[in-house]
Amino acid sequence: AKEALRDVSLRVGVGERLGVLGPNGGGKSTLLKLTLGLLSVQQGNVRVFGMTPRDAARAGLIGYVPQRATCELGFPLSCRQVVRMGATLRAKWWEGVSDAHRAGAERALALVGALDWAEAPIGRVSGGQFQRVMIARALAGGPKLLLLDEPTIGIDVAGQRQFADLLGRLHAELGLTVIVVSHDIRTVAAGCDHVACLSRTLHSHSTP
C-alpha cells in the first residue's frame, strides 16, 4: 500500500486557526480523516482535546464541513432541515427532533447569517449560501473544533472574502479552534493564524 503521510508532527492550540496547504494527493484529506477518527494511524498517535479522535467525535467536540457534495443537493430538504440533521447527530434514532435540537439549529443558522433562506430547498441556493448552511450544520451540535475541507471550491472571489470574514466572526464569537484544508493559498492565508504546508510530510508550520 502507498504511504499517505510520514513524519507529521503537528500541534494546534485551543482557539488557533490553522490552514493546511498542499497539492491534491498530498495527504490533506488523510490528515482530516485521522483527526475525525475515520482512519487510524499505523504509527504514532492523534489526540483531540486529550481524547482519541473517535471519542472526541462521539462527545460532539468536532464539527466537519466536507467538500461541496452534489448528493446533498438532490435531497428534498430545506436548508433548515439540513442544519437540524447536524443538531441531532448524537441523538438516539427514537428521540426525534427535540426543542433543544431546534434551538441549536436556529442559533447556528443565525450565526452564519442564513435565516433569510432557511426554508429554501438545499439544491436551489447559491454556492456561498450552501457553504453557510454546511457550516451551520457543523456548528449545530456545539463543537469546539471546526474542520473544513476545501471550503471555497465553487465560490467566487467576493464569496471567498465573505467566507474569510465569516470564519473570523465565528472564531471571535465562539472561541472555536479551526482547521482549514485547501490547495488554494488565498483561502488559507485570509483567515488563519498559522499555515502548515503538507505534501506527504510536513514541510513547514509557521505564520502566513
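The structure contained in this document is the topic of the report that follows. (Residues numbered from 1 in each chain as written. Predicted model: local features only at pLDDT ≥ 70, side-chain atom pairs only at ≥ 80, totals over all residues. Heavy atoms only, no water.)

Here we look at the nonpolar core
Worth spelling out the cut-off: By nonpolar core we mean a set of buried residues, namely Ala, Val, Leu, Ile, Met, Phe, Trp, Tyr and Cys, connected to one another through side-chain atoms within 4.5 Å. Under the scheme applied here, a residue whose accessible area is under 20% of the maximum for its type counts as buried, over 50% as exposed, and between as partly exposed, the area being computed with a 1.4 Å probe on protein chains only. Only DSSP runs of H or I reaching four residues or more are called helices, and only runs of E reaching two or more are called strands; each is numbered from the N terminus. Note on contacts: a residue pair is in contact if any heavy atoms of the two residues lie within 4.5 Å.
Membership of the largest hydrophobic core comes to 33 residues, with the highest contact counts inside it found for Val83, Val133, Ile135, Leu139, Leu146 and Leu148. Secondary-structure elements contributing two or more residues to this core are helix 4 (79-87), helix 5 (99-112), helix 6 (127-139), strand 3 (145-149), helix 7 (157-174) and strand 4 (177-182). If one sorts the elements of this core by residue count, helix 6 sits on top with seven residues. The residues contacting Leu139, other than those within four sequence positions of it, are Ala108, Val112, Leu146, Leu170, Leu174 and Leu176. Judged by nonpolar contacts, the second largest core, of 17 residues, contains Leu31, Leu34, Val181 and Ala196.

Some points on the environment of Ile153
As for its placement among the helices and strands, Ile153 is situated in the loop between strand 3 and helix 7. With 29 residues separating them along the chain, Ile153 and Ser182 place their C-alpha atoms 9.1 Å apart.

So, the packing of helix 4 against helix 6
Filter applied, for reference: A fitted line through C-alpha atoms represents every axis, and for helices the fit uses only the stretch in contact; the resulting angles, taken between N-to-C directions, go from 0 to 180 degrees. Throughout this description, any angle smaller than 35 degrees is read as roughly parallel, any larger than 145 degrees as roughly antiparallel, any in the 65 to 115 degree range as roughly perpendicular, and the remainder as oblique. Each crossing gets its handedness from the near helix: less than a right angle anticlockwise from the far helix is left-handed, clockwise is right-handed.
It is the contact of helix 4 with helix 6, at a shortest axis distance of 7 Å, that shows an interaxial angle of 30 degrees. With respect to their mutual orientation, helix 4 and helix 6 come out roughly parallel. Every pair of crossing elements has a handedness; the one defined by helix 4 and helix 6 is right-handed. Contacts from Cys79, Val82, Val83 and Gly86 of helix 4 reach helix 6 at Val133, Met134, Ala136 and Arg137.

Things to note about the sheet that holds strand 4
Heads up, the rule is: When DSSP finds at least two bridges between two strands, those strands are taken to pair.
Across the sheet, which stays open at both edges, the six strands sit in the order 2-3-4-1-5-6 with mixed pairing between neighbours. The open sheet terminates on both sides in strands that have one partner only, identified here as strand 2 (62-65) and strand 6 (201-206). Between one strand axis and the next, the sheet turns by 15 degrees as a mean value, whatever way the strands run. Where strand 1 (residues 17-21) lies against strand 5 (residues 194-199), four bridges are found, and the strand directions are parallel. Each residue of the ladder has a partner; that of Val20, found in strand 5, is Ala196.

A few points about the packing of helix 4 against helix 5
With their axes 8 Å apart at the nearest point, helix 4 and helix 5 run at an angle of 120 degrees to one another. When the axes of helix 4 and helix 5 are compared, the pair comes out oblique. Considering only the axes of helix 4 and helix 5, their crossing is right-handed. Every residue of helix 5 that contacts helix 4 at Arg80, Val83, Arg84 and Ala87 is listed here: His101, Arg102, Ala105, Glu106, Ala108 and Leu109.

Details of the pairing of strand 6
Each regular strand carries side chains that alternate between the two faces of the sheet. Both strand 5 and strand 6 contribute to a ladder of five bridges, which runs antiparallel. Within strand 6, the residue paired with Ala196 across the bridge is His205. Joining the antiparallel neighbours strand 5 and strand 6 is a turn of one residue, in which Arg200 adopts a positive phi near 70 degrees.

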